[in-house]
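Residue strings, one per chain:
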Amino acid sequence: MKIGIVGIGLIGASLGWDLRQLGHEVVGVSRQQQTCEIAIGKGVCDRASCELASLKDTEVIFICTPIAAILPMVVQLVPLLDPQTIITDAGSVKGAIVDRATEIWPNFVGGHPMAGNSESGIAAFEKGLFADRPYVLTPTPITVPSALDTVEALVRSLDAVIYHTTPDRHDLAVAWISHLPVMVSGSLIGACLAQADPTILDLAKKFASTGFRDTSRVGAGNPEMGMMMAQYNRDALLKALHGYRDRLDSVINSIEQNEWTEIKDLLTNNQAARPEFLDSKDIHD
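As annotated in an unreviewed UniProt entry, the chain carries the name Prephenate dehydrogenase and comes from Chamaesiphon minutus.

This is the structure in structure tokens:
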């Protein structure tokens, strides 16, 4: 199969590598010629260029751009493609994308690979990145069944764990386990930087170890990506933030009232529940 990838960063390059290993021909498109040359050199694409016209003969196209560029990219692709070409995306927000994209291009299938790492760009690509990781597909009542079947078959060939849900349910769930952590983690870093005593701040930086590293990682990721999570998943993220604030207020109250049993019960429940979310998977997104 001839597959196009728009956006040859971490996700796009990782997709390209894995799909090529499965025998597919991969054509990449990037805004930067240097990225195209790197992609070919690393073996993540058979061909790569800055021209969308290079995708005119592809059968399936993965749009792996930032969220804000997905719909504009669909619009730009429309006059170039055969009507049977399937377009899918890798954005972490679906409600703002899928319905409109499907109106523009009936053979559109919403997708979200729940995989990644703390880096970005083609230099961060990983072989086998999607194996044993969740890959969410978000069909709607007007999604073309054959298009969904094709995308699902490609995703399944990556050894990903496929889930189907609606765009709205996807966004609500992802707000809790992906977008909220970014905002909480970012707020942690911001709170530390707001420490008024420079001596204490300096000591905090020197003492920071695994606990701070783990909880601050997602808050120190790509700022543009984090902003788009908030912008395009605003309502669901606000619900999650308000829910988190309620829990934080409860913790503050328990500490103020010396209710140490309440704190222990909270942490005991958290200890028991955490494996239900991770299930032995180290998930990044």
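Once the structure has been displayed, the description carries forward.
Student: What is the right way to look at the pattern of salt bridges in this model?
Tutor: A pair can form between side chains of opposite charge whenever their charged atoms are brought close. Applying the stated criterion to the full structure yields 8 salt bridges. Measuring nitrogen to oxygen at the nearest pair gives 3.0 Å for the salt bridge that ties Arg20 to Asp46. Of this pair, Arg20 sits in helix α1 (residues 10-21) while Asp46 sits in the loop between α2 (33-42) and β3 (47-49); the two residues are 26 residues apart in sequence, bridging distant segments of the chain. You can call Arg20 partly exposed: its relative accessible area is 27%. The salt bridge partner of Asp235 is Arg234, with a shortest N-O separation of 3.1 Å.

Student: Any chance you could explain helix α11 (residues 260-278) here in plain terms?
Tutor: One turn of the α-helix equals 3.6 residues, which is why residues spaced by three or four share an orientation. Under the 1.5 Å per step criterion, the end-to-end length of α11 is 27 Å for 19 residues, consistent within 8% with the ideal 27 Å. Roughly 30 degrees is the biggest bend found in α11, and it falls at Ala272, with proline Pro275 one to four residues downstream.

Student: Help me out: how do you make sense of unusual backbone geometry in this one?
Tutor: Comment: phi is negative for the bulk of residues other than glycine, and the bulk of peptide bonds are trans. Of note, the phi angle at Asp132 is positive, near 65 degrees, even though the residue is not glycine. A relative accessible area of 53% places Asp132 in the exposed class. Not every positive phi belongs to a glycine, and Asp159 is a case in point at roughly 65 degrees. Overall, the relative accessible area of 52% leaves Asp159 in the exposed class.

Student: Explanation requested: the domain arrangement of the chain in the structure shown.
Tutor: Many analyses report the size of an interface as the accessible area lost when the parts associate. According to the domain assignment, the chain consists of domain 1 (2-165) and domain 2 (169-277). For domain 1 and domain 2, the distance between their C-alpha centroids amounts to 31 Å. The interface is formed by 16 residues belonging to domain 1 together with 12 residues belonging to domain 2. Buried area between domain 1 and domain 2, summed over both chains or domains, comes out near 1,100 Å², and the portion from carbon and sulfur atoms is 70%. Of all residues in domain 1, Ile67, Ser92 and Val93 give up the largest surface area on contact with domain 2, accounting jointly for 32% of the area buried on that side. The tally of links between domain 1 and domain 2 comes to 0 salt bridges. The interface formed by domain 1 and domain 2 contains 4 residue pairs in polar contact (both at pLDDT 80 or more). Residue composition of the side of domain 1 that touches domain 2, grouped by class: 7 nonpolar, 8 polar and 1 charged.

Student: In this structure, what is going on with helix α6 (residues 167-193)? I would like to understand it.
Tutor: Taking 1.5 Å of rise per residue, the 27 residues of α6 would be expected to cover 39 Å, and the 36 Å separating its terminal C-alpha atoms lies within 8% of that figure. Of all the bends found along α6, the most pronounced is centred on Ala175 and spans about 55 degrees. Inspection of α6 places Pro167, His170, Asp171, Val174, Ala175, Ser178, His179, Leu180, Val182 and Ser185 among the buried residues, and these make up the whole buried set. Contacts made by the buried residues of α6 are with α4 (98-104), β7 (111-113), β8 (134-137), α8 (210-216), α9 (223-232) and α10 (234-256).

Calculation rules
Here, residues in each chain are numbered from 1, in the same order as that chain's written sequence. In view of the model being predicted, local features appear only for residues whose pLDDT reaches at least 70, and side-chain atom pairs are presented and counted only at 80 or more, with totals across whole chains, interfaces and linings using the full set of residues. Heavy atoms throughout the structure, all of them, feed into the side-chain values; hydrogens and water do not. Salt bridges are defined by distance alone: a side-chain nitrogen of Lys or Arg within 4 Å of a carboxyl oxygen of Asp or Glu. In this description a helix means any DSSP run of H or I spanning at least four residues, a strand means any run of E spanning at least two, and both kinds are numbered starting from the N terminus. Partly exposed residues are those whose accessible area sits between 20% and 50% of the maximum for their type, while under 20% is buried and over 50% is exposed, using a 1.4 Å probe and protein chains only. Working rule for helices: expected span equals 1.5 Å times residues minus one. At any given residue, the bend is defined as the angle formed between two axes, one fitted to the seven residues that end at that position and one fitted to the seven that begin there. Delimitation of the domains relies on an automatic or database domain assignment. Here, two residues are considered to be in contact whenever any of their heavy atoms come within 4.5 Å of each other. When two parts are put together, the accessible area they lose, computed with a 1.4 Å probe and summed over both, is reported as buried area. By the criterion applied in these results, polar contacts are pairs of N or O atoms within 3.5 Å in which, for protein atoms, one can donate a hydrogen and the other can accept it, and in which residues neighboring in sequence qualify only through two side-chain atoms. Each residue is assigned to one class: nonpolar for Ala, Val, Leu, Ile, Met, Phe, Trp, Tyr, Cys and Pro, charged for Asp, Glu, Lys and Arg, and polar for all the others, Gly among them.

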